[in-house]
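Residue strings, one per chain:
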Amino acid sequence: MDSWSRSVNDIPAPVSGGTWSPPAGLVGMAWAGAVAAAVWCLLLVGTGDVPGLLLAAVATVGLALAALYGTRARPRLMADADGVTVGGLAGRRHLPWSQVGTVRAQAVRRWGRDSVMLEMDVVAADGTERMLVFGKLDLGDDPEDVAEAVCAARPATPPSLKP
């Protein structure tokens with residue numbers, strides 16, 4: 001087999017739909033950090049180090065909230081032929097394709113750093129418009145690849161945004 005046929009045959013087919021979540025290892029590290037910060041808090045109780053105790057308490061709460069969010073929001077985004085499902089602290093919300101508008105990967109510059117975000121325009125049943133924004137940390141994958149997969153999962157003739 002020549003190199004041209006091998007390279008053409010090795011190209012993966014576009015993925016239609018999928019599931020994306022925060023990386024499990026990162027969520028586990030957040031839980032471990034929350035436990036370590038809680039132990040730090042316990043060690044500081046009674047020492048009179050109020051600023052240290054305050055810092056340890058803030059670290060404990062922050063890491064615990066980040067870990068809880070990473071655990072509760074799994075999976076963060078699912079796409080299939082019926083629409084998209086978005087996970088969050090309050091649970092999952094399914095949005096049929098009729099409520100999903102533009103899906104795009106948008107390059108942004110924040111704090112002097114270039115990154116790519118997945119943006120989805122959605123319209124609720126009551127007509128309220130929202131933009132859902134997902135980063136690589138939310139998805140555990142490159143937002144450009146996720147945008148392609150989400151667009152590939154959309155039916156060939158997208159329904160209109162307005163009912």
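Quick notes on the rules
Residues numbered from 1 in each chain as written. Predicted model: local features only at pLDDT ≥ 70, side-chain atom pairs only at ≥ 80, totals over all residues. Heavy atoms only, no water. Helix = DSSP H or I, 4+ residues; strand = E, 2+ residues; numbered from the N terminus. Buried < 20%, exposed > 50% of the residue type's maximum accessible area, 1.4 Å probe, protein only. Contact = heavy atoms within 4.5 Å. Patch = residues over 30% accessible without salt bridge, like charges linked within 9 Å, V, L, I, M, F, W, Y side chains within 5 Å. Areas by Shrake-Rupley, 256 points an atom, 1.4 Å probe, with all protein chains shown as cover. Salt bridge = Lys/Arg side-chain N within 4 Å of Asp/Glu carboxyl O. Pairing = 2+ DSSP bridges. Axes fitted to C-alpha atoms, helices over the stretch in contact; angles between N-to-C directions.

> Would you mind going over unusual backbone geometry with me for this structure?
Leaving glycine out, the prevailing phi sign among residues is negative, and the prevailing peptide bond configuration is trans. With omega at -15°, the peptide bond leading from Arg 74 into Pro 75 counts as cis. Position of Pro 75 among the secondary structure elements: in the loop between α3 (50–72) and β2 (77–80). The backbone of Trp 111 sits at a positive phi, close to 50°, despite the residue not being glycine. When you line up the elements, Trp 111 lands in the loop between β5 (100–110) and β6 (113–123). Its relative accessible area of 90% is what places Trp 111 among the exposed residues.

> So what exactly am I meant to see when it comes to the environment of Gly 91 here?
The residue Gly 91 is located in strand β4 (residues 91–96) in this model. Beyond its immediate sequence surroundings of up to four residues, Gly 91 is in contact with Arg 72 and Val 86.

> Just checking my understanding: could you explain a nonpolar patch on the surface for this structure?
On the surface, a nonpolar cluster with roughly 480 Å² of combined accessible area is contributed by Trp 31, Val 61, Leu 65, Leu 68 and Leu 89. Residue contributions to the nonpolar patch peak at three residues, all from α3. Inspection of the secondary structure puts Val 61 in helix α3.

> Looking at this model, I keep getting lost on the sheet that holds β5. Mind explaining?
Whether parallel or antiparallel, the strands of a sheet pair through hydrogen bonds between backbone atoms. Within the open sheet, the three strands sit side by side as β5-β6-β7. Their pairing is antiparallel. Among the strands making up the open sheet, the edge pair consists of β5 and β7 (129–134). Neighbouring strand axes in the sheet, compared pairwise and without regard to direction, differ in orientation by 30° on average. In this structure, β6 lies alongside β7, joined through six bridges in antiparallel fashion. When the bridges of β7 are listed, Val 123 appears paired with Glu 129.

> Help me understand the sheet that holds strand β1 (residues 18–20) in this model?
Reading across the sheet, the four strands line up as β1-β2-β3-β4 and stay open at both edges, with antiparallel pairing between neighbours. Strand pairing shows two members of the sheet lacking a second neighbour, β1 and β4, which therefore form its edges. Each adjacent strand pair in this sheet contributes to an overall mean axis angle of 15°, direction not counted. Bridge count for β2 against strand β3 (residues 83–88) is four bridges, and the pairing is antiparallel. The residue of β3 that forms the bridge with Asp 80 is Gly 83. Its contacts with the sheet place helix α5 (residues 143–153) against β1, β2 and β3, and it is angled at close to 35° to β2.

> Would you mind showing me how to read the pairing of β3 here?
In regular strands, side chains alternate between the two faces of the sheet. Most of β3 is tucked away, with six of its six residues classed as buried. If you look at the hairpin formed by β2 and β3, you'll find two residues sitting between the two strands. Bridging between β3 and β4 involves six bridges; their strand directions are antiparallel. Within β4, the residue paired with Gly 88 across the bridge is Gly 91.

> In this structure, what is going on with the environment of Lys 136? I would like to understand it.
Relative to the helices and strands, Lys 136 resides in helix α4 (residues 136–139). Overall, Lys 136 belongs to the exposed group, its relative accessible area being 54%. Expressed as a C-alpha distance, the spacing of Lys 136 and Val 116, which sit 20 residues apart in the sequence, is 7.7 Å. Leaving out residues up to four positions away in the same chain, Lys 136 has contacts with Asp 141 and Pro 143.

> I keep staring at the pairing of β6 and nothing clicks. Help me out?
By the bridge criterion, nine bridges tie β5 to β6 in an arrangement that is antiparallel. Bridging from a neighbouring strand, Arg 109 pairs with Asp 114 of β6. The turn linking β5 back onto β6 is made up of two residues, and Trp 111 within it adopts a positive phi angle of 50°. As consecutive antiparallel partners, β6 and β7 are separated by five residues, and within that stretch Gly 127 has a phi angle of approximately 95°, a positive value.

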